[in-house]
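# What the coordinates show
What follows is the residue order along each chain.
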Amino acid sequence: EGMSEKIYILDVGIGENNAVSDAATSGRVLAVSPKSRKMTTLVSGLSYPDGIDISHSCGRMFWTSMGHALSACDGSVQSANLDGSDVRTLLKPGTVHTPKQLVVDDVDHNLYFCDREGMSLHRCNFDGTGHQIIIQSGSLKVPSERKDMMRFCVGVALDRANRRIYWTQKGPSKSGNGRIFRAGMDIPAGQTAGSRTDIERLLEGLPEPVDLEYDTQTHMLYWTDRGEHPTGCSLNRVDVSGDTDKETLGGKIELLARQFHEPIGLKLTKKGVYVTDLGGCVYLVCGRKKTVVTQGEGCFSGLATLQ
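Residues numbered from 1 in each chain as written. Predicted model: local features only at pLDDT ≥ 70, side-chain atom pairs only at ≥ 80, totals over all residues. Heavy atoms only, no water.

### Some words on the nonpolar core
In terms of nonpolar packing, the biggest core is built from 14 residues, with Tyr112, Leu121, Val156, Ile165 and Trp167 touching the most fellow members. Those elements that place two or more of their residues in this core are β9 (110–115), β11 (132–136), β12 (153–159), β13 (164–169) and β14 (178–184). If you tally residues by element for this core, the top one is β12, at three residues. Other than its neighbours up to four places away in sequence, Val156 contacts Gln101, Leu102, Val103, Tyr112, Phe113, Cys114, Leu121, Ile165, Tyr166, Trp167 and Leu212. (Core = buried A, V, L, I, M, F, W, Y, C linked by side-chain atoms within 4.5 Å. Buried < 20%, exposed > 50% of the residue type's maximum accessible area, 1.4 Å probe, protein only. Helix = DSSP H or I, 4+ residues; strand = E, 2+ residues; numbered from the N terminus. Contact = heavy atoms within 4.5 Å.)

### Looking at unusual backbone geometry
With an omega of 5 degrees, the peptide bond running from His229 to Pro230 counts as cis. In this structure, Pro230 sits in the loop between β17 (220–225) and β18 (234–239). With phi around 50 degrees, Met119 is a residue other than glycine that occupies positive phi space. Topologically, Met119 is positioned in the loop between β9 and β10 (120–125).

### Digging into the packing of aromatic side chains
Centre-to-centre distance and the angle between the planes together describe a pair of aromatic rings. Tallied over the entire structure, the rule returns four aromatic pairs. Considering the side-chain rings of Trp167 and Phe181, the 5.5 Å spacing of their centres and the 15 degrees angle between planes classify their relative orientation as stacked. Highlighted residues: Trp167 in strand β13 and Phe181 in strand β14, separated in sequence by 14 residues. When its relative accessible area of 8% is taken as the criterion, Phe181 is described as buried. (Phe/Tyr/Trp six-rings, centres within 6.5 Å; stacked < 30°, edge-to-face > 60°.)

Right, dumping it as structure tokens:
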């Protein structure tokens, strides 16, 4: 089992002593073998890649790139074979603003991802068709909303069994105003992405929640938080099974590990939770024990595993 396990991570492109002027084309998809700690570059020349996930059914990986400028609408979504060959652009630059975490629905062959500056949550098919916005947290036509970081959507997770989607709105950097929401995977009949009434705010006042992961077995929601120490720069989880009492849910958050260097990606496995951070480390958190799997010179964002 150790032989086949592989971790796929995104290097944003702002580390490695790269010239800052080259950062927008220095992003990479890397493969890491936890056993040998060897790191291989599979795809390079990416523009600030952020979220990655794998479809086991079709043997491909999918990732988002935030694009050259955060103020511009020049984000994209791409896919490739697991060895980095056959790179395809599914949503070309300009289709989305700043796409962030991406998750694969391997049953319906859909991709879900958040668009931060686009203040929205999107769905499309594996080939990029059927692209639609299913959550719209603000209007791009309203300048005050465009500037409102409280509306920025970052992390996304699916609970397929209950047809629910979870996402984070992280708030301004290090502000302690982060929130986690959930809604149905589909827009209720007669409603729109911006007017839907089934949105629940589960948690608020979090340091700065970013990426999410939902455990279908335990109904636990896991997330990385890049806010201020000591409760930020952490890996957390909370039980969202049954009827969640939103008044008391915040008091039930478990802080599993902290002292990361701006953690971003996370992935639940049988071994524990893998976490990446902008400090260039991949960690494994097992129970409350945190170990470094590998360390590089990059700045790591999204994370996916194959096992």
